[in-house]
Amino acid sequence: MSVPVSDFDYEAALLACAAGKQAALRALYEQEGARLLGVVQRIVRDRALAEDVLHDACLNIWTRAGSFDPFRGSARGWIYSVTRNLALNAVRDGRREVGMDDEMVQALDVREALEAWHDTTDAFDWRASAGRMEGCLEQLEPVRRNCILHAYVDGLSHGEIARRLEAPLGTVKAWIRRSLGALRECME
Amino acid sequence: MNRGSPEARELQALAGEYVLGTLGAAERRRVEARLPTDPELAAAVRAWEERLLPLTALAEPVSPPDRLWQRVERSLGALAGFPAAMPLSRRPWWRDWNSLTLWRGLAASGFAAAAVLAAVLVGRLAEPLPATRFMVVLVAPEDRAPGWVVQTRTSGQIELVPLGVVEVPADKALQFWTKADSWSAPVSLGLVTPGQSAKVPVSGLPALQPNQLFELTLEPRTGSPTGRPTGPVRFIGRAVQVL
């Protein structure tokens, strides 16, 4: 059964995986499997594919656990990165992106749209869950916050976010880039 | 690379979009291909992964069906049976060797190892060690041979004592790092000279904690260009409280 994140020793579980102890992978799966599947499901939006990705993630965690370095990040973060990367690769490789070079994007990017865009509705109930990111998300305008969350949580590409928000693609790209800059500065 | 330079900002933006997930398939692959040989990009990606991790909590958990774990177990069995055909062993970008097993193994041997090394130290230093509260044995990853000992004898300073001579290529240097479990990033304790003791002031750091990590990595002669470990680990260990 899952216990609070603070009570589970993710690093020890990865160590035991590296040492070939299958029970540790099982414990990790019991602890994090539902949350991981939730994260993957949001990105790939297909239940069977989500299960495939979680399966592959488990095998990746198992075979690569020995290379995890506690100096370079948290064990829980490592597990989520392995899993999210598989999910993102699955959707990016599977879905054909509409090709659009930067010039086209610039042509589409109407300056006024950037200035005048006001969407005050939050698409995510982020306050309760964002933890130490809350203060920094708070500083973003709602529409920019939505861009970041649609990208990270829903795995949407620039083009998909633009369609979802009915905003010009270039504008969405600029919002995301600036929001990332603002988040980094805020979280330093 | 200057932190505020256009190149640095570009690198941060690329790493951020990679972790956020907004890069297209071809761009994602290009970033992944660069990671093993581009420590600055790799460090930026890791920092973004840690920064954005809390957002994973926004996805509603979905209970996996029982059959999924059974499938994982079958696949693990297949992996064990055919290790040579293991399709998933592509090495990730941050490290090739099994650091966790290594230093945990050392920790598992526990106080016995610490006691032996304490004895070694007493012999070497030929003075009483009343203030020693922690002992860290830094061992080589390949053969677990002890290479250095870290100890705290006075507050505000730690001492790194070599147990032997280490070969370091002429264009490289050994850089000393530490990280407590609760810290978000390792802190550099400076470059050290092989074979020589080093006294490192740590008054700017929180008090040494049990389990705190120490490592020596091989870096460019003037130290890591990123402020984080970038080169291979030569010695690593965790702080053990000495009673």
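Let me sum up the structure you'll find in this document. The structure displayed is predicted, hence computed values, not measured ones. (Residues numbered from 1 in each chain as written. Chains lettered and ligands numbered in written order. Predicted model: local features only at pLDDT ≥ 70, side-chain atom pairs only at ≥ 80, totals over all residues.)

1. Observations concerning the overall build of chain A
Definition in use: Secondary structure elements are defined from DSSP: runs of H or I of at least 4 residues count as helices, runs of E of at least 2 residues count as strands, and each element is numbered from the N terminus. Counting other C-beta atoms within 10 Å of a residue's C-beta gives its exposure: the residue is buried at 20 or more, exposed at 12 or fewer, and partly exposed in between, where C-beta atoms are placed from the backbone. Contacts here follow a simple rule: the backbone-placed C-beta atoms of the two residues must lie within 7 Å.
Within chain A, the secondary structure is distributed over 10 helices and zero strands. The linear arrangement of helices and strands in chain A, starting from the amino end, is α-α-α-α-α-α-α-α-α-α. The buried share of chain A, reckoned over its 188 residues, is 45%. Sequence separation of at least 24 residues holds for 65% of the intrachain contacts in chain A that already meet a minimum separation of 6.

2. Quick notes on the interface of chain A and chain B
Listed per partner, the contact involves 61 residues of chain A and 52 residues of chain B. If you tally residues by element for the side of chain A that touches chain B, the top one is helix 2 (residues 22-44) of chain A, at 10 residues.

3. Section: the packing of helix 1 (residues 6-20) of chain B against helix 3 (residues 39-52) of chain B
Residues and elements named next belong to chain B. Test applied: The axes used here are C-alpha line fits, helices contributing only the stretch in contact, and every angle between their N-to-C directions lies in the interval 0 to 180 degrees. Between 65 and 115 degrees an angle is taken as roughly perpendicular, under 35 as roughly parallel, over 145 as roughly antiparallel, and anywhere else as oblique. Crossing handedness is read from the near helix: turned anticlockwise from the far helix by less than a right angle, it gives a left-handed crossing, and turned clockwise, a right-handed one. Gly is put with the polar residues, along with every residue not named as nonpolar or charged; the nonpolar set is Ala, Val, Leu, Ile, Met, Phe, Trp, Tyr, Cys and Pro, and the charged set is Asp, Glu, Lys and Arg.
It is at 8 Å that the axes of helix 1 and helix 3 come closest, and there the two elements cross at 50°. Here helix 1 is positioned oblique relative to helix 3, judged by the angle of their axes. For the crossing formed where helix 1 meets helix 3, the hand is right-handed. Between helix 1 and helix 3, the residues in contact are Leu 11, Gln 12, Ala 15, Gly 16, Tyr 18, Val 19 and Leu 20 and Glu 40, Leu 41, Ala 44, Val 45, Trp 48, Glu 49 and Leu 52, respectively. Considered class by class, the residues forming the contact of helix 1 with helix 3 number 10 nonpolar, two polar and two charged.

4. Describing the pairing of strand 4 (residues 172-179) of chain B
Looking down a regular strand, the side chains alternate between one sheet face and the other. All names here are of chain B. Applicable threshold: Only strands joined by at least two bridges in the DSSP assignment are considered to pair.
Counting buried positions along strand 4 yields six of eight residues, so the element is predominantly enclosed. Two strands pair when backbone bridges link them, and strand 4 and strand 7 (residues 213-220) are joined in this way by eight bridges, in the antiparallel orientation. By the bridge assignment, Lys 172 is partnered in strand 7 with Pro 220.

5. Considerations on the nonpolar core
Stated formally: Put simply, a nonpolar core is buried Ala, Val, Leu, Ile, Met, Phe, Trp, Tyr and Cys residues tied into one set by C-beta atoms within 7 Å.
Core analysis: the biggest nonpolar cluster contains 71 residues, and A:Cys17, A:Val40, A:Val53 and A:Ala87 have the highest contact counts within it. The element contributing the most residues to this core is helix 2 of chain A, with 10 residues. Contact partners of A:Val40, with chain neighbours within four places excluded, come to A:Ala50, A:Val53, A:Leu54, A:Thr83 and A:Ala87. The next biggest cluster of nonpolar side chains, apart from the first, holds 25 residues, and it includes B:Leu160, B:Leu174, B:Leu189 and B:Leu216.

6. Some remarks on unusual backbone geometry
All names here are of chain A. Phi at Arg 45 takes a positive value of approximately 55°, unusual for a residue other than glycine. Take Arg 45: it is sitting in the loop between helix 2 and helix 3 (47-64). Judged by local crowding, Arg 45 falls into the exposed class, with 12 C-beta atoms found within 10 Å. Even without being a glycine, Glu 166 presents a positive backbone phi close to 50°.

7. Quick notes on the packing of helix 9 (residues 158-165) of chain A against helix 10 (residues 169-187) of chain A
Residues and elements named next belong to chain A. Running from N to C, helix 9 and helix 10 point in directions that differ by 110°, and their axes come no closer than 9 Å. As the angle between them shows, helix 9 and helix 10 are arranged roughly perpendicular. Regarding helix 9 and helix 10, the two cross each other, and that crossing is right-handed. In contact with His 158, Gly 159, Ile 161, Ala 162 and Leu 165 of helix 9, helix 10 contributes Leu 169, Val 172 and Lys 173. Split into classes, the residues belonging to the contact of helix 9 with helix 10 amount to five nonpolar, two polar and one charged.

8. Considering helix 1 of chain B
Our working definition: The span you would expect from a helix comes to 1.5 Å times its residue count less one.
Its 15 residues give helix 1 of chain B an end-to-end C-alpha distance of 21 Å, which sits within 8% of 21 Å, the value for a rise of 1.5 Å per residue. For helix 1 of chain B, the secondary structure elements touched by its buried residues are helix 8 (142-154) and helix 10 of chain A together with helix 2 (25-34) and helix 3 of chain B. Phi turns positive, to about 105°, at B:Gly21, one or two residues after helix 1 of chain B.

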